[in-house]
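Structural overview for review
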Amino acid sequence: MPHRIPTRRRPRPHDPRPSTHHRCYTRAWEKASRAYRRAHPLCAECARQGISTAAALVDHIIPHKGDPVLFWDQDNWQSLCINCHNAKTARENHPPPPPAPPDQAPTP
Ligand SMILES: [Zn+2]
């Protein structure tokens, strides 16, 4: 009798579970982020520019992308206001294009 080669299960096309990213945002996160904001009530990004703005959320400095270690590492957290968080997210999703290499720089 021939052995059947084990095949990987095909992923279900419509997996009803939320993504790893969204699964991290649990009640535990809500509680932890609220406590963090209580300790760090001002937007860290605005503070760097000398502006005092109330923080609205806790941001991951390095995007965790579902990594629980990065997610729960408080050294990777910062309080941000909505404007700064939106700007940071936009930069992460649309980074500026890298500069052209010197030998392909446009000539005048
Ligand atoms: Zn801000």
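Structure's up top.
About the cut-offs
Residues numbered from 1 in each chain as written. Predicted model: local features only at pLDDT ≥ 70, side-chain atom pairs only at ≥ 80, totals over all residues. Heavy atoms only, no water. Core = buried A, V, L, I, M, F, W, Y, C linked by side-chain atoms within 4.5 Å. Buried < 20%, exposed > 50% of the residue type's maximum accessible area, 1.4 Å probe, protein only. Helix = DSSP H or I, 4+ residues; strand = E, 2+ residues; numbered from the N terminus. Contact = heavy atoms within 4.5 Å. Polar contact = N/O pair within 3.5 Å; in protein donor to acceptor, adjacent residues only side chain to side chain. Expected span 1.5 Å × (residues − 1). Arc of directions from axis to C-beta. Salt bridge = Lys/Arg side-chain N within 4 Å of Asp/Glu carboxyl O.

Observations regarding the nonpolar core
Soluble, globular proteins show a tendency: their nonpolar side chains are buried together. Cys-24, Trp-29, Ala-32, Tyr-36, Val-58, Phe-71 and Trp-77 form the largest nonpolar core, which has 7 residues in total. Considering each element in turn, this core owes the most residues, 3 residues, to helix α2 (residues 27-39). Those residues in contact with Ala-32, other than ones at most four positions away along the chain, are Trp-72 and Trp-77. Within the second largest apolar cluster, 6 residues are counted, among which are Cys-43, Cys-46, Cys-81 and Cys-84.

Section: the side chain of Ser-33
If you trace the backbone, Ser-33 turns up in helix α2. Of note is the side chain of Ser-33, whose polar atom sits 3.1 Å from the backbone oxygen of Glu-30.

Let's talk about the environment of Ile-82
By secondary structure assignment, the location of Ile-82 is in helix α5 (residues 82-93). A relative accessible area of 44% places Ile-82 in the partly exposed class. Taking the C-alpha atoms as reference points, Ile-82 and Ala-54, 28 residues apart in sequence, are found 9.4 Å from one another. Excluding anything up to four places from it in sequence, Ile-82 contacts Ala-56 and Leu-57.

So, α2
In this model, α2 (13 residues) spans 19 Å end to end at C-alpha, consistent with the 18 Å of a helix rising 1.5 Å per residue. When α2 is considered as a whole, its buried residues turn out to be Trp-29, Ala-32, Ser-33 and Tyr-36. Buried residues along α2 cover an arc of 95° about the axis, so they all sit on one side. In this structure, α2 carries Arg-27, Lys-31 and Arg-38 as exposed residues pointing more than 90 degrees from its buried face. By the N-cap criterion, in which a side-chain oxygen at the helix start approaches the backbone nitrogen of a residue two or three places on, α2 is capped by Thr-26, the distance to Ala-28 being 3.3 Å.

Remarks on the side chain of His-60
Mapped onto the elements of the fold, His-60 is located in strand β1 (residues 57-60). Polar contacts involving the side chain of His-60 include one to the main-chain carbonyl oxygen of Phe-71, which spans 2.9 Å. Discounting residues that sit within four places of it in the chain, His-60 has contacts with Tyr-25, Trp-29, Leu-70, Phe-71, Asn-76, Trp-77 and Lys-88.

As for unusual backbone geometry
Not every positive phi belongs to a glycine, and Lys-65 is a case in point at roughly 45°. Mapping Lys-65 onto the fold places it in the loop between β1 and α4 (68-72). Look at Lys-65 and you get exposed, because its relative accessible area is 75%.

Comments concerning the pattern of salt bridges
Within the structure shown, the criterion is met by 4 salt bridges. A salt bridge links Glu-45 to Arg-48; the nearest nitrogen and oxygen atoms lie 3.0 Å apart. Of the two residues, Glu-45 and Arg-48 both sit in helix α3 (residues 44-48), 3 residues apart, roughly one turn of that helix. Taking the relative accessible area as the measure of exposure, Glu-45 reaches 23% and is therefore partly exposed.

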